[in-house]
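# Commentary on secondary and tertiary structure
Residue-level listing of the chains:
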Amino acid sequence: LTDDMRRIRDALASVQDPCHALSDHPLSILDLGLVNEVSRRGEVIEVRMTLTEPTCVFAYRIVGDIEDLAPTLPGVARIEVVFEHLPIWEPSRM
C-alpha cells in the first residue's frame, strides 16, 4: 500500500459499525469486511462496500461518517460511497 492509501485505510478503520457500537461490541467497517474497494481519482476517494444487510437502517450513518473523513485527509475534497449488492456479505469476511 502507498502511504496515501494507508492513511485512507487508517481513516476508514475509525468508522464504527453503528449496530455493534450500540451493542457495546465496537467493530469498524474494516473489521466487518464491509469495504470491497477503495480508489482515488484526484481529490475524490471512492469507497465501494457491501452492507451486512441490504436494508440496513444505519446505512446513512455509515455514509455520513465516511464522508466526514474527507477534511481529515490531505488533498481529498470528498468521499463517495457506493453500495454494492455483490459480493454478498457473510461472516467469513470479518
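Before any of the text, the structure's been laid out above.
I will try to describe carefully the structure that is included in this document. All of these numbers come straight from a predicted model, not from anything done at the bench.

### Thoughts on the overall build of the protein chain
From N to C terminus, the protein chain includes 3 helices and 3 strands. Traced from its N-terminal end to its C-terminal end, the protein chain shows the element sequence α-α-β-β-α-β. Taken over the C-alpha trace, the protein chain has a radius of gyration of 13 Å; the compact-globule value for 94 residues is 12 Å, and the two agree within 12%. Counting over 94 residues, the protein chain shows a buried share of 37%. When contacts within the protein chain are restricted to residue pairs at least 6 apart in sequence, long-range pairs at least 24 apart make up 60% of them. When the accessible surface of the protein chain is totalled, it reaches about 5600 Å², and 56% of it is carbon and sulfur. Distance between charge centroids for the protein chain: 6 Å, based on 9 positive and 16 negative side chains.

### Quick look at the pairing of strand 1 (residues 35–41)
Two elements, strand 1 and strand 2 (residues 44–49), share 6 bridges in a ladder whose sense is antiparallel. Paired with S39 across the two strands is E46, which belongs to strand 2.

### What to know about the pattern of salt bridges
Tallied over the full model, the rule gives 7 salt bridges. With a shortest N-O distance of 3.0 Å, D3 and R6 are connected by a salt bridge. Of this pair, D3 and R6 both sit in helix 1 (residues 3–12), separated by 3 residues, roughly a single helical turn. Assessed through its relative accessible area of 38%, R6 is described here as partly exposed. Of the charged contacts, one joins E46 and R41 as a salt bridge, the two residues approaching to 3.6 Å between their closest N and O atoms. Ionic contacts of the salt-bridge type, sharing partners, join the residues R41, E46, R48, R78, E80 and E84 into one network.

### Details of helix 3 (residues 59–67)
Listed as buried for helix 3 are A59, I62, V63 and I66. One face of helix 3 carries all of its buried residues, which in axial projection span an arc of 95°. The secondary structure elements touched by the buried residues of helix 3 are helix 1, helix 2 (18–22), strand 2 and strand 3 (78–83).

Conventions adopted
- Residues numbered from 1 in each chain as written.
- Predicted model: local features only at pLDDT ≥ 70, side-chain atom pairs only at ≥ 80, totals over all residues.
- Heavy atoms only, no water.
- Helix = DSSP H or I, 4+ residues; strand = E, 2+ residues; numbered from the N terminus.
- Rg over C-alpha atoms; globule rule 2.2 N^0.38 Å.
- Buried < 20%, exposed > 50% of the residue type's maximum accessible area, 1.4 Å probe, protein only.
- Contact = heavy atoms within 4.5 Å.
- Areas by Shrake-Rupley, 256 points an atom, 1.4 Å probe, with all protein chains shown as cover.
- Lys, Arg positive; Asp, Glu negative; His and termini not counted.
- Charge placed at Lys NZ, Arg CZ, Asp CG, Glu CD.
- Pairing = 2+ DSSP bridges.
- Salt bridge = Lys/Arg side-chain N within 4 Å of Asp/Glu carboxyl O.
- Arc of directions from axis to C-beta.

As far as function goes, none of this settles anything; it's purely spatial.
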